[in-house]
Amino acid sequence: MIQVNALGDACPIPVVKTKNAIKELGGSGVVETLVDNEIAVQNLTKMANQKGYRVSSKKLSDRQYQVTMEIGENAADTQTLPTKAEPEACIPDARENTVVVIASATMGEGDPELGRLLMKGYIYALTQLDILPKTLLFYNGGAALTCEGSASLEDLKSLEAQGVQILTCGTCLNHYGLTDRLKVGEVTNMYVIAETMAGAAKIVKP
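Description of the structure in this document. Not measured: the values here are computed from a predicted model.

### What to know about the overall build of the protein chain
Next, step 1: Scanning the protein chain for helices and strands turns up 7 helices and 9 strands.
Next, step 2: The buried share among the 206 residues of the protein chain stands at 37%.
Next, step 3: Sequence separation of at least 24 residues holds for 71% of the intrachain contacts in the protein chain that already meet a minimum separation of 6.
Next, step 4: Roughly 11400 Å² of accessible area belongs to the protein chain as shown, and the carbon and sulfur atoms make up 51% of that amount.

### Some points on a nonpolar patch on the surface
Next, step 1: On the surface, a nonpolar cluster with roughly 280 Å² of combined accessible area is contributed by Leu114, Leu117 and Leu118.
Next, step 2: Looking at the secondary structure, you find leucine 118 in helix α4 (residues 112–127).
Next, step 3: Under the relative-accessibility criterion, leucine 118 is labelled partly exposed at 40%.

### Let's talk about the nonpolar core
Next, step 1: With 19 residues, the main nonpolar core has Ile22, Val31, Val35, Tyr53 and Met69 as its most contacted residues.
Next, step 2: Secondary structure elements with two or more residues in this core: β1 (2–5), α1 (13–25), β2 (29–35), α2 (38–51) and β4 (64–71).
Next, step 3: The dominant element in this core, judged by the number of residues it contributes, is α2, at 5 residues.
Next, step 4: Membership of the second largest hydrophobic core comes to 16 residues, among which are Met119, Leu132, Leu153 and Val184.

### Side note on the sheet that holds strand β3 (residues 54–61)
Next, step 1: Across the sheet, which stays open at both edges, the 4 strands sit in the order β1-β2-β4-β3 with mixed pairing between neighbours. A strand with exactly one partner marks an edge of an open sheet, and here the two such strands are β1 and β3. Averaged over all neighbouring strand pairs, the angle between strand axes comes to 20 degrees, with direction disregarded.
Next, step 2: Alignment of β1 against β2, held across 4 bridges, turns out to be parallel.

### Notes on the side chain of threonine 68
Next, step 1: With respect to the helices and strands, threonine 68 occurs in strand β4.
Next, step 2: Residues within four places of threonine 68 in sequence aside, it is in contact with Val30, Val31, Glu32, Arg54, Val55 and Ser56.

### Topic: helix α5 (residues 153–161)
Next, step 1: Those residues of α5 that sit buried are Leu153, Asp155, Leu156, Leu159 and Glu160. Mapping the buried residues of α5 onto a view down its axis gives an arc of 165 degrees, with all of them on the same face.
Next, step 2: Buried residues along α5 sit against α4, β6 (132–138) and β7 (165–169).
Next, step 3: After α5 finishes, the residue glycine 163 shows a positive phi value of roughly 100 degrees.

### Here we look at the environment of lysine 202
Next, step 1: Within the element layout of this structure, lysine 202 appears in strand β9 (residues 202–204).
Next, step 2: You can call lysine 202 partly exposed: its relative accessible area is 45%.
Next, step 3: Between the C-alpha atom of lysine 202 and that of threonine 98, which follows or precedes it by 104 residues, the distance is 4.7 Å.

### Quick word on the packing of α1 against α2
Next, step 1: Packing of α1 against α2 brings their axes to within 9 Å, and their N-to-C directions diverge by 40 degrees. Put simply, α1 runs oblique to α2. Handedness of the α1/α2 crossing: right-handed. Of the residues in α2, those touching α1 at Pro14, Val15, Thr18, Lys19 and Ile22 are Ala40, Asn43, Leu44, Met47 and Lys51.
Next, step 2: Residues of the contact of α1 with α2, tallied by class, amount to 6 nonpolar, 2 polar and 2 charged.

Criteria and cut-off values
Residues numbered from 1 in each chain as written. Predicted model: local features only at pLDDT ≥ 70, side-chain atom pairs only at ≥ 80, totals over all residues. Heavy atoms only, no water. Helix = DSSP H or I, 4+ residues; strand = E, 2+ residues; numbered from the N terminus. Buried < 20%, exposed > 50% of the residue type's maximum accessible area, 1.4 Å probe, protein only. Contact = heavy atoms within 4.5 Å. Areas by Shrake-Rupley, 256 points an atom, 1.4 Å probe, with all protein chains shown as cover. Patch = residues over 30% accessible without salt bridge, like charges linked within 9 Å, V, L, I, M, F, W, Y side chains within 5 Å. Salt bridge = Lys/Arg side-chain N within 4 Å of Asp/Glu carboxyl O. Core = buried A, V, L, I, M, F, W, Y, C linked by side-chain atoms within 4.5 Å. Pairing = 2+ DSSP bridges. Axes fitted to C-alpha atoms, helices over the stretch in contact; angles between N-to-C directions. Arc of directions from axis to C-beta. Parallel < 35°, antiparallel > 145°, perpendicular 65-115°, else oblique. Left-handed = near helix turned anticlockwise from the far one by under 90°. Nonpolar A, V, L, I, M, F, W, Y, C, P; charged D, E, K, R; others polar.

Given below as structure tokens:
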């Protein structure tokens, strides 16, 4: 068995690394590849199905997935047949370097109840975009949205599963007594928040 570490690698690197590992087998065997997003899992699964390998995958943690391929006896012969070189096919990473910053549990000014309803609708709308933001930053009153009791938890978990990074200000969680109630994403600090915003191609603040 060969284990491949493709954590943090963008397409097509996980596929390329896995193909190289399969060649190293020199015949039948098992290749296990670790990746950190579902897009990479889909790409590897697609490649395995195209080659006729048995493939399975499982989620090990929030940002770690394992894809296992079982290579048959004829795998080596298949790999060495003279074929036209083809580019690695990748499912597009449906994210762009857009950072959404949410500083309140409500959207806009006026009626707080309406503001909460609008914010819930906005976060749901994010899940339906063809091109997802890369990161969601939550701070000040917005920190409550990633915590137990938030009406947006399922939508945020859906975004995270699609590779969107969700970060909540640790100082804010502590201030509001929410440190132990975080249910989605990770705790971050103001340096990371500043660095993420500075490196963004676009910042959106609803």
